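# A closer look at the structure
The lines below spell out each chain.
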Amino acid sequence: MHYAADVKDVIYRYDGSFQGFLCCVFESYARREIPSAICAPQQEQISLFEPRQILTEEQKARRVFAGAGRLGGQVKYRLTTGFLSGAPEKELILLRFLRTAFAIGSGAAQMLGDPDVAGAWELERAVCNEAHLFQEFLRFEQRGNLLGAVIHPKNFVLPLLRGHFCSRLPDEDFLIQDATHKVAMLRHGSEVRYLQMERYDPAPDAAEEEWQQMWRRFFHALTIEQRRNERCQRTHCPKRFWPDMCEMTPLSGK
């Protein structure tokens, strides 16, 4: 059921988890209000508005998520994918989108002329686009029996990379460290886990270094210096990905 709500001069503070955000949605309906902002711990800010701490309660989170599920797969996917965004106001955008969807139904996902729906769609698109780019530009290194990689994404894309790399590397153990969010995804056997990881510094491996050097030589051998176009190169592969791609690092004198 949809209830009318006014924007109030209040800030919801929550624990940063998806379940905690769902409890913010529950609180918004319970109080018939839309907060001016919703802040996770890493978004602490000075404000003249009244702060309200929203506790994470599993039962409330389940009720909201079940309600979103009844609106159809598109609404549910936009909610869960949009929450992976690194945008500073993602929570308020998604709350407004959910309120619109609860009021109108599953068709709300198609109403891109509505600013609340369009905002959530932009979050979803940005996350999915970045995940797609990492499927192309992520580079693994062989370290013993483990493949390792480091990425610096704007959004928390590890959950969207999980299925892609698990299906394409079915017999490999691998680790992908998200250096931006200090989290790693470890696949070992049939198990996938997410770990807090501040840094990932793989031990030197002479064989891996030689393979990387050979790949750099091959990449540079194909380059026609007279036709080098860095602007075009950045169009196909944004420059922020380059530091994590071995072929984009300088060729040593070996």
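Use the structure listed above.
In what follows, the accompanying structure is described. Not measured: the values here are computed from a predicted model. (Residues numbered from 1 in each chain as written. Predicted model: local features only at pLDDT ≥ 70, side-chain atom pairs only at ≥ 80, totals over all residues. Heavy atoms only, no water.)

Before going further, it helps to examine the overall build of the protein chain. For the protein chain, the helix and strand inventory stands at 8 helices and 8 strands. Seen along its three principal axes, the alpha-carbon backbone of the protein chain occupies a region of about 70 × 40 × 40 Å. Pairs at least 24 residues apart make up 69% of the contacts formed inside the protein chain by residues separated by at least 6 positions. Accessible surface computed for the protein chain: about 14500 Å², of which carbon and sulfur atoms make up 54%. Averaging the locations of the 33 positively and 33 negatively charged side chains of the protein chain gives two centres separated by 3 Å. (Helix = DSSP H or I, 4+ residues; strand = E, 2+ residues; numbered from the N terminus. Contact = heavy atoms within 4.5 Å. Areas by Shrake-Rupley, 256 points an atom, 1.4 Å probe, with all protein chains shown as cover. Lys, Arg positive; Asp, Glu negative; His and termini not counted. Charge placed at Lys NZ, Arg CZ, Asp CG, Glu CD.)

For the rest of this paragraph, the subject is the packing of helix 4 (residues 90–104) against helix 5 (residues 115–137). How two helices pack is summed up by the angle between their axes together with the distance between the axes. It is at 8 Å that the axes of helix 4 and helix 5 come closest, and there the two elements cross at 125°. It follows that helix 4 is oblique to helix 5 by the angle criterion. Where helix 4 crosses over helix 5, the handedness of that crossing is left-handed. Where helix 4 approaches helix 5, its residues Lys90, Ile93, Leu94, Arg96, Phe97 and Thr100 are matched on the opposing element by Asp116, Val117, Gly119, Ala120 and Leu123. (Axes fitted to C-alpha atoms, helices over the stretch in contact; angles between N-to-C directions. Parallel < 35°, antiparallel > 145°, perpendicular 65-115°, else oblique. Left-handed = near helix turned anticlockwise from the far one by under 90°.)

Turning to the sheet that holds strand 1 (residues 6–13), a few remarks are in order. Hydrogen bonds between backbone atoms are what pair the strands of a sheet, whose relative direction is either parallel or antiparallel. The strand order 2-1-3 describes an open sheet built from 3 strands, whose pairing is parallel. Both outer strands of the open sheet, strand 2 (33–39) and strand 3 (50–53), are each paired with one neighbouring strand and no more. Neighbour-to-neighbour, the strand axes of the sheet open up by a mean angle of 45°, direction not taken into account. Note that strand 1 and strand 2 share 6 bridges and pair parallel. Residue Lys8 lies in a different strand from strand 2, and its bridge partner there is Pro35. Sheet contacts for helix 4: strand 1 and strand 2; angle to strand 2, the most-contacted strand, approximately 150°. (Pairing = 2+ DSSP bridges.)

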